[in-house]
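Spelled out, the chains give:
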There are 2 protein chains.
Amino acid sequence: MLSRYLPILEWGRTYNRSILTNDLMAAVIVTIMLIPQSLAYALLAGLPPVVGLYASILPLVLYAIFGTSRTLAVGPVAVVSLMTASAAGAVAAQGTAEYLEAAITLAMLSGVMLAILGLLRAGFLANLLSHPVISGFITASGILIATSQLKHILGITAGGDNWPSMLGSLASSFTETNPWTLAIGIPATIFLFWVRKGAKPALQRLGLPARAADMTAKAGPVVAVALTIMAAIALDLGDKGVKLVGAIPQGLPPFALPSTDLSLIQQLWVPALLISIIGFVESVSVAQTLAAKRRQRIEPDQELIGLGAANIASAFSGGYPVTGGFARSAVNFDAGAETPAAGAFTAVGIALATLFLTPLLFSLPIATLAATIIVAVLSLVDMKTPGQLWRYSKADFAAHVATIAVTLIAGVELGVITGVAVGLLLYLYRASRPHAAIVGRVPETEHFRNVERHSVFTVPHVLSIRIDEALTYLNARWLEEYVLERVAERPELRHVILMCSAVNEIDASGLESLEAINHRLGDGGIGLHLSEVKGPVMDRLKRTHFLDELNGKVFLSQDRAFAEVSKDNGEPPPPVDHYLARGMI
Amino acid sequence: MLSRYLPILEWGRTYNRSILTNDLMAAVIVTIMLIPQSLAYALLAGLPPVVGLYASILPLVLYAIFGTSRTLAVGPVAVVSLMTASAAGAVAAQGTAEYLEAAITLAMLSGVMLAILGLLRAGFLANLLSHPVISGFITASGILIATSQLKHILGITAGGDNWPSMLGSLASSFTETNPWTLAIGIPATIFLFWVRKGAKPALQRLGLPARAADMTAKAGPVVAVALTIMAAIALDLGDKGVKLVGAIPQGLPPFALPSTDLSLIQQLWVPALLISIIGFVESVSVAQTLAAKRRQRIEPDQELIGLGAANIASAFSGGYPVTGGFARSAVNFDAGAETPAAGAFTAVGIALATLFLTPLLFSLPIATLAATIIVAVLSLVDMKTPGQLWRYSKADFAAHVATIAVTLIAGVELGVITGVAVGLLLYLYRASRPHAAIVGRVPETEHFRNVERHSVFTVPHVLSIRIDEALTYLNARWLEEYVLERVAERPELRHVILMCSAVNEIDASGLESLEAINHRLGDGGIGLHLSEVKGPVMDRLKRTHFLDELNGKVFLSQDRAFAEVSKDNGEPPPPVDHYLARGMI
């Protein structure tokens, strides 16, 4: 029981020296990768770079205690950083103390919400985000993020909180481009693209084994950081208008208190909820993918608690919302991490960096960080999905495109909400028109099949309807209409059999519709029978008066039901030859 | 085509003298009933009484042209009046011109929304309101309405916009009760209760035939109105502190223009949408019940257009939101109305009343109208449903009770929203955990049944899973978890067969999950096969690369799939005797 809420008790028991070595090795590699990434994502969130480092220390330790994934690496990620910038930007200006306070409060709110959802075992809420909505949201976020960083590559000041206004703002300040900044930004971007695609094969050609080549290529951003720092110092770029990171406070994260200002919380709770859900979905997808590769399991409800604890820790140590990121988790996994202890060791690495490394970063050009972000997020933009969805499912295509369009035009929050709403509306539309079929008996068998697809035997005074869906409030009205219309078409009808083999549930609204159907059929002298009602469904029906009032019977099998009520006209059904001779079957 | 949007063209063609007589007859009875009711509901909505009459003229004519129900009677109703009071009260004080303008604007917005939903054929949205939510909402509204009218019976001033505050306000002004008002209010209430329950048998005992007794009893409120007017004049109650209706403007409805003030529209659109949906659901339920009794049909999407036209007409003639009401429609039906023309004739009756009758109503005590409302709405309060729901379905009970509680405590709008949200969350929770079963072959048949419920034949290296639900984004994550967990439990597994006989749809998220399952099983050397895939589902799968990448086959029947893949271990399945002898089946 305790180890369900504290997975560390589980894996900690079998921890040994060989696992320790692997975890330490992975932690070193992830730390090297995380330092520039944390600075860059803090920049994207509109926060001082050091906040990115703060968000990469305590949260990792807390996730290591509460999380269920062995290899997930928690910290700042691109999409959540963008959402933080959007939410905090709505209540304060970037660079102010209020802005930082809003970011810290977002982490706190998000952490509390995640933890509560986890305790309520409400991980299923993440299902509301369908694959097409998530993929549309991530594509649009990638475009927004890359566009927002162009100003740092050009060395200009530009704003805009949606794509059209960003492009307009860039276009109007384009002439003020700083050539020195551009001279850093363009080569850095090209270098990082090459590192991503071409570095590994090049290193292998130089004789490195595949895995070492891969790990070395992952250190590419650190090389870009080192080279551009050197260039900035050598050429004195700070004086030539190139923006540098500047002084980063040295030392461990401060103890921070999130705001308890109710009006701020009122403004931030909706974005915090969206950040929580998006962050959770991203994290769980990554964790599940990695877990499956090693035949491990993750527990989504406990993941909520793990991420909740990580975010609360982030808030108390001056950080901002964090979640499990894809790139860093993949590196952690590939580097051989075996347990969440690797994350705790990474935290130690980052803490050491905040203690000793920050002075070295003084001359790091912001353009280098922007290049890191652009290269990372452009891989998120997915151009193939819209075409695939269009061919496969128009409804999913609609949800995907609506999410992209609204995210680009109206921002990340409305984008997610629109995607969820469109997906849900299309789902409810389909759910309100479920599948049902009129069935007849396949000759000389006990099987009943759709009369429109098979040659089957029916009699005019009996109507057998197979309902292929649970009877719930979403389709209760449909059920009444469907049955009563079919009945209205058949004046000679004396019996209706509802074949319930696929009815997994009947809720109170479905029951009321059945009662209404029973009542109306009874008025017209028509019997209503049920067949193949599932055990649990029948148990609940027995607790009501429905079965007493049913003007018909409940049969165990459709075959028995049909045999009995079709005898009602006094004649037994004719032999199969009768129908064969008439070309009816 | 034209007659789909103008149902009048349909029934107007066969209109004749005998139908005319019946319609006229019904119109007279409904008019007599409607006059006090319209005044009372306007009072409940916080509007001048004459607005209730205005809302009972043009809307009826427009519904007669566009509506599909033969017998629905449109006009002000209790719940919508309460919702109007709540929405208009949020933007202006009762009695001001702004309040009236808000009510008119609500009618306009609601009319436009209903018409648009109708043109979009979005009647399915009404499905979001389950029976337990509607019934909870109506019960709570009945309690709120009755409580809000107590002050008129007592002759005191009291306020409050939720139940606790209403009760508190009543309690604090209780001592100011006006005895003369009470002397009108209490007997009127008792008389009207008696009219509802005891008048018909009493009149029958006096020798009236059943139908005439019923119709006469329906005129009870008119008797109460007449008697209390006479009492007020004779005893000069107006001077004794009894509030009277007072001067009602004489004449036909004025031409009114709804507000085009954008900030007002921004404040009112959410309540207008809720009024539209609640009004639509109430109206369609009534119309469907009545139509079924005469084996007629209504067309929900066209009903939206009919109610939309009625509300737009109400706005332009100084009225407020209207819908089809239960009581008046039942009277119309019982009185023998055959076509919507009866509604148009009723409109003429009410118009005549506004021209000639209003001076007679000067001395009508408000307490009489309050008594009319209380007696009408207390029949809406349903005490039996909670117990029934508790026994039948805890989820439906939760939605019902949440709706009642929130409506009483936080008002009608939040009440409806809560009910819909709770219902939807519980639905989504269940939808995210659909039913699936591991199946095996029933010996010596081709049937496959749940291994937990039947004695069936399985082989250890083949796992057959029957999925009893469409694969959609709501359960896509579940599918992956379910299949991979079952696989992880069985190290000797070599084949998985997904039996898709109940899978009516696979959306893009479901497809991605299948691809992920295929990929992961492939990594472990396990084949993935599908059986009994439905035709339309297969057609769509063929448009993707999934079938090319599937590391297994698609079989027409589960039996063939099982027979083929279970041969994979080189041995044919042993004869049935083998299992019988070992007590395995």
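Residues numbered from 1 in each chain as written. Chains lettered and ligands numbered in written order. Predicted model: local features only at pLDDT ≥ 70, side-chain atom pairs only at ≥ 80, totals over all residues. Heavy atoms only, no water.

- As recorded in an unreviewed UniProt entry, chain A goes by the name Sulfate permease, SulP family, listed as coming from Qipengyuania nanhaisediminis.
- Here is the UniProt Subcellular location (unreviewed entry) comment for chain A, exactly as written: "Membrane". (UniProt positions renumbered as here; feature names shortened; annotations may be inferred.)

**Re the side chain of A:N127**
At step 1: Relative to the elements of secondary structure, A:N127 occurs in the loop between α7 (97-119) and α8 (131-154).
At step 2: Separated by 3.1 Å, the side chain of A:N127 and the backbone oxygen of B:L474 make a polar contact.
At step 3: Apart from residues lying up to four places away in sequence, A:N127 is in contact with B:S432, B:Y473, B:L474 and B:R477. (Helix = DSSP H or I, 4+ residues; strand = E, 2+ residues; numbered from the N terminus. Polar contact = N/O pair within 3.5 Å; in protein donor to acceptor, adjacent residues only side chain to side chain. Contact = heavy atoms within 4.5 Å.)

**Looking at empty space enclosed by the protein**
Residue and element names in this part refer to chain A.
At step 1: For the coordinates displayed, the defined rule picks out 13 cavities of 30 Å³ or more.
At step 2: For the largest cavity, the lining is made up of 15 residues, of which L60, L72, A73, V74 and G343 are closest to its centre.
At step 3: At the level of elements, α3 (17-44), α5 (58-66), α16 (326-334) and α17 (341-356) are the ones that each hand at least two residues to the lining of the largest cavity.
At step 4: Broken down by class, the residue content of the lining of the largest cavity amounts to 9 nonpolar, 4 polar and 2 charged.
At step 5: Size it by volume and the second largest cavity reaches roughly 70 Å³. (1 Å grid on protein atoms, 1.4 Å probe; cavity = no way out; pocket = protein on both sides within 12 Å on 5 of 7 lines; lining within 4 Å. Points joined across faces, edges and corners; volume = space filled by probe spheres on them. Nonpolar A, V, L, I, M, F, W, Y, C, P; charged D, E, K, R; others polar.)

**Observations concerning the domain arrangement of chain A**
At step 1: Here chain A is partitioned into domain 1 (18-424) and domain 2 (436-581).
At step 2: Taking only C-alpha atoms, the centre of domain 1 of chain A and the centre of domain 2 of chain A are 56 Å apart. (Domains from an automatic or database assignment.)

**Overview of a nonpolar patch on the surface**
Residue and element names in this part refer to chain B.
At step 1: On the surface, W269, V270, L273, L414 and I417 cluster together to form a nonpolar patch covering roughly 410 Å² of accessible area.
At step 2: Elements with a minimum of two residues in the nonpolar patch: α14 (262-293) and α21 (412-431).
At step 3: With respect to the helices and strands, the residue V270 is situated in helix α14.
At step 4: Residue classification places V270 among the partly exposed residues on the basis of a relative accessible area of 33%. (Patch = residues over 30% accessible without salt bridge, like charges linked within 9 Å, V, L, I, M, F, W, Y side chains within 5 Å. Areas by Shrake-Rupley, 256 points an atom, 1.4 Å probe, with all protein chains shown as cover. Salt bridge = Lys/Arg side-chain N within 4 Å of Asp/Glu carboxyl O. Buried < 20%, exposed > 50% of the residue type's maximum accessible area, 1.4 Å probe, protein only.)

**Concerning α16(A)**
Along an α-helix, residues three or four apart share an orientation, since each turn contains 3.6 residues.
At step 1: Taken residue by residue, α16(A) has A:R328, A:S329, A:A330, A:V331, A:N332 and A:F333 as its buried positions.
At step 2: Against α3, β1 (74-75), α12 (210-218), α14 (262-293) and α17 of chain A lie the buried residues of α16(A).

**Notes on the packing of aromatic side chains**
Any aromatic ring pair is given by two values, namely how distant the centres are and how the planes are angled relative to each other.
At step 1: Counted according to the given criterion, the structure contains 19 aromatic pairs over all chains.
At step 2: For the pair A:F448 and A:F562, a centre-to-centre distance of 5.4 Å together with 75 degrees between the ring planes defines the contact as edge-to-face. Linking A:F448 in strand β4 (residues 448-450) with A:F562 in helix α26 (residues 558-566), this pair joins segments that are 114 residues apart in sequence.
At step 3: Assessed through its relative accessible area of 2%, A:F562 is described here as buried.
At step 4: Ring plane angle 90 degrees and centroid distance 5.9 Å describe the contact between B:F457 and B:F562, whose orientation is recorded as edge-to-face. Note that B:F457 is positioned in the loop between β4 (448-450) and β5 (462-467) and B:F562 in helix α26 (residues 558-566), a separation of 105 residues in sequence. The exposure classification of B:F457 matches that of B:F562, with both residues buried. (Phe/Tyr/Trp six-rings, centres within 6.5 Å; stacked < 30°, edge-to-face > 60°.)

**A closer look at unusual backbone geometry**
At step 1: In the Ramachandran plot, A:D236 falls in the positive-phi region, its phi being about 55 degrees despite a non-glycine side chain.
At step 2: Mapped onto the fold, A:D236 is located in the loop between α13 (220-234) and α14.

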